[in-house]
Amino acid sequence: MTEQSDELTGPDLTQGLEISSIRPGQLIAGHAFGEPVMLVHVEPNWFAVGSKCTHYGGPLAEGVLVSESIRCPWHHACFDLHNGAAVRAPALNDLPTYDVAIESDIVRVTRKRDHGQVKGEGHRALGSCAPERVLFEEKATFGPESVVIIGGGAAGNACAEMLRREAYRGPVTIIDPDPDAPYDRPNISKDYLAGNAPEEWLPLHPSEFYAAQHIEILSGVEVTQIDIASNTVRLSDGSSRNYGCLLIATGAAPIRLDVPGSDRISYLRSLRDCRAIIGKLGAAKTAVVIGASFIGLEVAASLVTRGLKVTVVGLETLPLERVLGTELASLVKNVHEQQGVTFFLGRKVTAIEEKSVVLDDGTRLDGDLVVAGIGVRPNLQLAEAAGLTLDNGLAVNEFLETSASGVFAAGDVARWPDAYSDLRLRIEHWVVAERQGQVVARNMLGARDRFDDIPFFWSAHYDKLSIQYIGHVERWDTIRIDGDVTKMDCAVSYMVGAKRRAMATINRDRENLETEVELETELLLKPPPPVTLEAMEA
């Protein structure tokens, strides 16, 4: 993944191109009316859409065409070419679209379309543009009477947005104790913590968006009880909300280290946590990061970028070896060491002192700042108290329904039957959570969409190393490496038997995306499994 320039490149598509020079399916990056535009021919149709992904600006002309949709090579967002609709996370905003005219052997872009307000449209399963403003109904005439969403993170926000895309006009309420939600949580351990991104970049949308969409956000308020029998949630401010459908997307909380002096440890889960860490940087010259996890290493990279001398302590022999294997884990360690990070691996922390961290072998590490990233636990207290079925998480079926009718779960709390691996999974990935929220929205409105997306995540370390991971495997038989890991140009496949179950890539964005499509195609050939958990009426 590389930075994209704002400079316009490629042909001026308003001047036209010879049709005979364009192959079917060819993605042509150019510009029109001072904006980057991509032209593509999917027989018999021609499409012109914005050429930059609305998530982080990825180059769509380097992506993959799937039928009449385009997928971004960076983080696998998907857009409908007919109307530019962002049909699959992590992109939440639609692409601009343009009219195309054919004149003899010339194809040209003629004007930019105005999406305008979507009025009077009924339910559509996929491909809907976001309405500019919702025609709100206090008593919904379509879908559930109302929707309450507990949690304003990836899953909760994506669910609310998709409800509006799918023409639901009834009350939608997001409730989250985090006063800043919803925002781009992956960024807080990366560019924002490193000082490379201003805080105004973090909100997923401006407040005006939620007002226009009639999405009520109760931030800084906590749900204290779910009453399944009465379809009610009770709140910490003494009020309550009735629901027709409920989404539990309560996320996870950091595991906290219980050692002497642990009150000095900072944890990073929320924007508030990140601000607190940044507030401690002025007086800090050294930092100890406890946990060589993805979050721990991203924090380490950000603190190095801030000018601190960083030490990472972890129980494993190589950071991330259990997830990525020896070769990639060695690369990750080398990249951090080249930036000045010191590792103490195979060690655990026994105490935190005023200016140091004590290890189990007696070593004392200088640490003006101490941050721990040693994993998270799903927030299941509400679900457990409500009597919902738990299974190392909140158990859901293929449609992300819990054991109670009208109650769904998504994100870090949900444990679902994965159609590809035939395992029940609970995965703590931002993109997975968003896509689950989108599926929940459609199912709340009567669809029976199975959640069968292939899991995807990415991890960035400095400006030097970005790893993309598609699929999921907890154990593998062999690892197959294509390319050179040490040169950061590789695709690493994790094989179970003779089948590739997952792939991690560095600087091979398109290959990672193509693998996603291959895994999806393989999944299509499998018969759908029976429903594993039927929702029961209260």
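Caption draft 1: Quick peek at the overall build of the chain. In terms of regular secondary structure, the chain is built from 10 helices and 36 strands. Relative to the compact-globule value of 24 Å for 538 residues, the chain shows a C-alpha radius of gyration of 24 Å, a close match. Seen through its C-alpha atoms, the chain measures out along the principal axes to roughly 80 × 60 × 50 Å. As displayed, the chain offers around 22,700 Å² of accessible surface, 48% of which is attributable to carbon and sulfur atoms. The chain carries 52 positive and 75 negative side-chain charges, and their two centres are separated by 3 Å.

Caption draft 2: Expanded view of helix H4 (residues 271-279). Buried residues of H4: Leu271, Cys274 and Ile277, and no others. Projection of H4 onto a plane perpendicular to its axis shows the buried side chains occupying an angular sector of 115°, all on one side. Exposed side chains of H4 directed beyond 90 degrees from the buried face belong to Arg272 and Gly279. On its buried face, H4 sits against helix H2 (191-194), strand S19 (265-267) and strand S26 (369-372).

Caption draft 3: Inspection of the sheet that holds strand S6 (residues 69-71) at higher detail. Taken in spatial order, the four strands line up as S5-S6-S7-S8 in an open sheet, and their pairing is antiparallel. Each edge of the open sheet carries a strand with a single partner, namely strand S5 (64-66) and strand S8 (86-88). Taking the axes of each pair of neighbouring strands and ignoring which way they run, one obtains an average angle of 35° across the sheet.

Caption draft 4: Representation of unusual backbone geometry within the structure. Following Glu43, the chain continues into Pro44 via a peptide bond in cis, with omega recorded as 5°. On the secondary structure map, Pro44 appears in the loop between strand S3 (35-42) and strand S4 (45-50). Residue Pro90 is reached from Ala89 by a cis peptide bond, and omega for that bond is 15°. Phi angles above zero are rare outside glycine, and Asn392 is one such case at about 50°. Assignment of secondary structure puts Asn392 in the loop between helix H8 (381-385) and strand S28 (394-395).

Caption draft 5: Summary view of the nonpolar core. In terms of nonpolar packing, the biggest core is built from 59 residues, with Leu163, Ile226, Val233, Leu246, Leu247, Leu388 and Met444 touching the most fellow members. Considering every element that reaches this core, the biggest residue donor is helix H9 (residues 430-444), with seven residues. If near-sequence neighbours (up to four positions away) are discounted, Leu247 is found in contact with Val148, Ile149, Ile150, Ala155, Gly156, Cys159, Phe408, Ala409, Ala410, Val440 and Met444. With 49 residues, the next largest nonpolar core counts Leu193, Val304, Leu345 and Val485 among its residues.

Caption draft 6: Quick peek at the pattern of salt bridges. Applying the stated rule across the entire model yields 36 salt bridges. Where Asp94 meets Arg165, a salt bridge forms, and the shortest distance between an N and an O atom there is 2.8 Å. Taken together, the positions of Asp94 in the loop between S8 and strand S9 (97-103) and Arg165 in helix H1 (residues 154-165) put the pair 71 residues apart, joining distant regions of the chain. Judged by its relative accessible area of 17%, Asp94 falls in the buried class.

Caption draft 7: Quick peek at the side chain of Ser146. Mapped onto the secondary structure, Ser146 falls in the loop between strand S10 (106-112) and strand S11 (147-150). Excluding anything up to four places from it in sequence, Ser146 contacts Tyr168, Pro171, Asn242, Tyr243, Gly244 and Cys245.

Caption draft 8: Representation of the packing of aromatic side chains. Scanning all chains against the criterion turns up eight aromatic pairs. With 6.3 Å between their ring centres and 85° between their planes, Tyr56 and Trp458 make a pair best called edge-to-face. Placement of the pair is Tyr56 in the loop between S4 and S5 and Trp458 in strand S32 (residues 456-461), with a sequence separation of 402 residues. Given the relative accessible area of 33%, Tyr56 is considered partly exposed. Taking relative accessible area as the criterion, Trp458 reaches 9% and is therefore assigned buried. Seen from their ring centres, Phe457 and Tyr469 are 5.0 Å apart, and the 20° between their planes marks the pair as stacked. Of this pair, Phe457 sits in strand S32 while Tyr469 is found in strand S33 (residues 465-471), placing the two residues 12 residues apart along the sequence. For Tyr469, a relative accessible area of 3% corresponds to the buried category. Across from the ring centre of Phe399, 3.9 Å away, lies the NZ or CZ of Arg448, which sits over that ring. For the cation-ring pair, Arg501 lies above Tyr420, with the distance from its terminal atom to the ring centre recorded as 5.0 Å.

Caption draft 9: Structural view of the pairing of S10. In this sheet, S10 lies alongside strand S1 (residues 17-18) in antiparallel orientation, the contact comprising two bridges. Within S10, the position partnered with Leu17 by the bridge is Val107. Where S9 lies against S10, six bridges are found, and the strand directions are antiparallel. What sits directly across from Asp99, in S10, is Arg111. Where S9 folds back on S10, the antiparallel hairpin that results is connected by two residues, among which Ser104 adopts a positive phi of roughly 60°.

Caption draft 10: Molecular detail of the sheet that holds S3. If you trace the six strands from one edge of the open sheet to the other, you get S1-S10-S9-S4-S3-S2, paired in antiparallel fashion. Among the strands making up the open sheet, the edge pair consists of S1 and strand S2 (27-32).

Caption draft 11: Structural view of the environment of Glu316. With respect to the helices and strands, the residue Glu316 is situated in the loop between strand S21 (309-314) and helix H6 (321-324). Owing to a relative accessible area of 30%, Glu316 belongs among the partly exposed residues under this scheme. Considered as a pair, Glu316 and Leu345 are 29 residues apart in the sequence and their alpha carbons are 5.8 Å apart. In this structure Glu316 touches Ala292, Leu345 and Gly346, once residues within four positions along its chain are discounted.

Caption draft 12: Structural context of the side chain of Asp80. With respect to the helices and strands, the residue Asp80 is situated in strand S7 (residues 78-80). Note on Asp80: relative accessible area 18%, which makes it buried. A distance of 2.7 Å separates a polar atom in the side chain of Asp80 from the backbone nitrogen of His82.

Rules of the game
- Residues numbered from 1 in each chain as written.
- Predicted model: local features only at pLDDT ≥ 70, side-chain atom pairs only at ≥ 80, totals over all residues.
- Heavy atoms only, no water.
- Helix = DSSP H or I, 4+ residues; strand = E, 2+ residues; numbered from the N terminus.
- Rg over C-alpha atoms; globule rule 2.2 N^0.38 Å.
- Areas by Shrake-Rupley, 256 points an atom, 1.4 Å probe, with all protein chains shown as cover.
- Lys, Arg positive; Asp, Glu negative; His and termini not counted.
- Charge placed at Lys NZ, Arg CZ, Asp CG, Glu CD.
- Buried < 20%, exposed > 50% of the residue type's maximum accessible area, 1.4 Å probe, protein only.
- Arc of directions from axis to C-beta.
- Contact = heavy atoms within 4.5 Å.
- Pairing = 2+ DSSP bridges.
- Axes fitted to C-alpha atoms, helices over the stretch in contact; angles between N-to-C directions.
- Core = buried A, V, L, I, M, F, W, Y, C linked by side-chain atoms within 4.5 Å.
- Salt bridge = Lys/Arg side-chain N within 4 Å of Asp/Glu carboxyl O.
- Phe/Tyr/Trp six-rings, centres within 6.5 Å; stacked < 30°, edge-to-face > 60°.
- Lys NZ or Arg CZ within 6 Å of the ring centre and 35° of its normal.
- Polar contact = N/O pair within 3.5 Å; in protein donor to acceptor, adjacent residues only side chain to side chain.

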